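# An overview of the molecular structure
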Amino acid sequence: MCGRFALTATPDQTAAFLGLAELEDFPARYNIAPTQPVLMAIAGLPQAPGSNLPDRQPMLVRWGLIPAWVKDTREFPLLFNARSEGATEKASFRTAMRHRRALVPASGFYEWRQSCGKRGQPYWVRPKHGGLVAFAGLIETYAEPGGSEMDTGAILTVNANADIANIHDRMPVVINPQDFARWLDCRTLEPRDVAELLRPAQLDFFEAVPVSDLVNKVANTGPEIQERGVVGPEPEKARHQKPGADDSQMTLF
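Every chain's residues receive numbers from 1 upward, in the order its sequence appears when written. The predicted origin of the model limits local features to residues at a pLDDT of at least 70 and limits the giving and counting of side-chain atom pairs to 80 or more, whereas totals for whole chains, interfaces and linings rest on all residues. With hydrogens and water excluded, all non-hydrogen atoms of the structure serve as input to the side-chain values.

### Here we look at the overall build of the protein
For the record, the criterion: Segments assigned H or I by DSSP are reported as helices when at least four residues long, segments assigned E as strands when at least two residues long, and all are numbered from the N terminus. Each residue is placed in one exposure class: buried if its accessible area under a 1.4 Å probe, protein chains only, is under 20% of its type's maximum, exposed if it is over 50%, and partly exposed if it falls in between. Should any heavy atoms of two residues lie within 4.5 Å, those residues are considered in contact. The accessible surface values rely on the Shrake-Rupley method and a 1.4 Å probe; as for residues, cover is taken only from the protein chains in view.
Secondary structure assignment for the protein yields 3 helices and 14 strands. Expressed as a percentage of the 253 residues in the protein, the buried residues total 49%. Counted over contacts in the protein with a minimum sequence separation of 6, partners at least 24 positions apart contribute 70%. Carbon and sulfur atoms make up 51% of the accessible area of the protein, which totals about 12300 Å².

### Quick look at the environment of Arg101
The criterion, for reference: Distance and chemistry together define a polar contact, namely a pair of N or O atoms within 3.5 Å, with one atom able to donate a hydrogen and the other to accept it when in protein, and with adjacent residues in sequence counting only for side-chain atoms on both sides.
Relative to the assigned elements, Arg101 resides in strand β7 (residues 101-106). Arg101 sits in the buried class, given a relative accessible area of 1%. A polar atom in the side chain of Arg101 sits 2.8 Å from the backbone oxygen of Met97. Within polar-contact distance, the side chain of Arg101 engages the backbone oxygen of Asp185 at 2.7 Å.

### Let's talk about empty space enclosed by the protein
Convention followed: Residues are said to line a cavity or pocket when one of their atoms sits within 4 Å of a point; the points come from a 1 Å grid over protein atoms alone, cavities being sets where a 1.4 Å probe fits but cannot get out and pockets being open sets with protein on both sides within 12 Å along at least five of seven lines. Grid points are joined across faces, edges and corners, and a volume is the space filled by probe spheres set on the points. In the scheme used here, Gly and all other residues not listed as nonpolar or charged are polar, with Ala, Val, Leu, Ile, Met, Phe, Trp, Tyr, Cys and Pro taken as nonpolar and Asp, Glu, Lys and Arg as charged.
Under the counting rule described, the total for this entry stands at 1 cavity of 30 Å³ or more. Counting residues per element, the ones that place at least two in the lining of the largest cavity are β1 (4-7), β2 (29-32) and β3 (37-43). Of the residues that constitute the lining of the largest cavity, the class distribution is 6 nonpolar, no polar and 1 charged.

### Describing the layout of surface pockets
Reported here for the largest pocket is a volume of approximately 260 Å³. Lining of the largest pocket is provided by 13 residues; of these, Glu24, Asp25, Phe26, Leu39 and Leu60 occupy positions nearest its centre. At the level of elements, β3 and β4 (56-63) are the ones that each hand at least two residues to the lining of the largest pocket. Considered class by class, the residues forming the lining of the largest pocket number 10 nonpolar, no polar and 3 charged.

### Comments concerning helix α1 (residues 11-18)
Going by this rule: By construction, the arc corresponds to the directions joining the helix axis to the C-beta atoms.
Every buried residue of α1 is accounted for by Pro11, Thr14, Ala15 and Leu18. One face of α1 carries all of its buried residues, which in axial projection span an arc of 100 degrees. Turned more than 90 degrees away from the buried face of α1, the exposed residues are Asp12 and Ala16. Among the residues trailing α1, Gly19 stands out with phi positive, at a value near 75 degrees.

### Remarks on the packing of aromatic side chains
The criterion, for reference: Put simply, two rings from Phe, Tyr or Trp (the six-membered ring, in Trp's case) pair if the centres are within 6.5 Å, and we call them stacked under 30 degrees between planes, edge-to-face over 60, tilted for the rest. Consider the ring centre and the ring normal. A charge sits over the ring if Lys NZ or Arg CZ is within 6 Å of that centre and within 35 degrees of that normal.
One pass over the full model with this rule turns up 9 aromatic pairs. Geometrically, the ring pair formed by Phe5 and Phe135 is edge-to-face, given 6.3 Å between the ring centres and 80 degrees between the ring planes. Remark: Phe135 occurs in strand β10 (residues 133-143) and Phe5 occurs in strand β1; sequence separation between them is 130 residues. Phe5 sits in the buried class, given a relative accessible area of 2%. Under the relative-accessibility criterion, Phe135 is labelled buried at 0%. Measuring from ring centre to ring centre gives 5.7 Å for Trp69 and Phe76, while their planes differ by 85 degrees; the resulting arrangement is edge-to-face. Judged by relative accessible area, Trp69 falls into the partly exposed class, the value being 46%. Taken together, the aromatic side chains of Phe5, Trp63, Phe80, Phe109, Phe135, Phe205 and Phe206 make up a single cluster linked through ring pairs. Geometry around Trp183 places Arg101 over its ring, the cationic atom sitting 5.4 Å from the centre.

### Side note on the nonpolar core
Test applied: We call a set of buried Ala, Val, Leu, Ile, Met, Phe, Trp, Tyr and Cys residues a nonpolar core when their side-chain atoms join them within 4.5 Å.
Formed by 64 residues in total, the largest nonpolar core has its most connected members in Phe5, Leu103, Phe135, Leu156, Trp183 and Phe206. Tallying contributions element by element places β10 first for this core, with 7 residues. Not counting residues up to four positions away in its chain, the partners in contact with Phe135 are Phe5, Ala102, Leu103, Val104, Ala106, Phe109, Ile155, Pro172, Val173 and Val174. By size, the runner-up hydrophobic cluster in this structure holds 8 residues, among which are Ala6, Tyr110, Trp124 and Val215.

In structure tokens form, the structure reads like this:
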């Protein structure tokens, strides 16, 4: 699962990575949590022949997908992750999988390893060679009862690879730059046409750095939360679950 991540690159670096024309200025964010706004990129309108302008556009999305058919958000769980294995069939995600696939830029994500029933050891999981990574995202626009609309989103997850499995059994789906166009192409490519992209990251792509429990509190948003922390003893039986959350849902409000 992916319940926290960070985006610390500059707007120019992020725009260049995603193939966007430009991005409005934004600060480094070290502890992004569900219900907060997150940057995503989607396919835009096709450009005129001969144009060299990008055909992708940024969106600011509330992290926590709400399907269009939900009647009462107070009774609906917070879907900040979507299991990729069943997203095409599950009612909450199948429309977004067909029509609104997105990229979620990140500098890395956080994961917790449970140990003997105690609070988990947090890890900062980042690309081993630095730079940005793009998670597979889904977007759904929810029309509130009052008539206003809210763009909401989720991050797709998959079984963890061997580098991450000792910490948690799930990890975000990583879309490689050479596959950005295919993943975002919802006009001509159906979910079955991009299904092979929903796989664990290649071995040795990520490195997991143990950090202190400062990251556990959403109010802690500075770079100090990524400083290396002390690792406790190996868990006798890993629960593969972040403290206070189940596999994919939290209370909405």
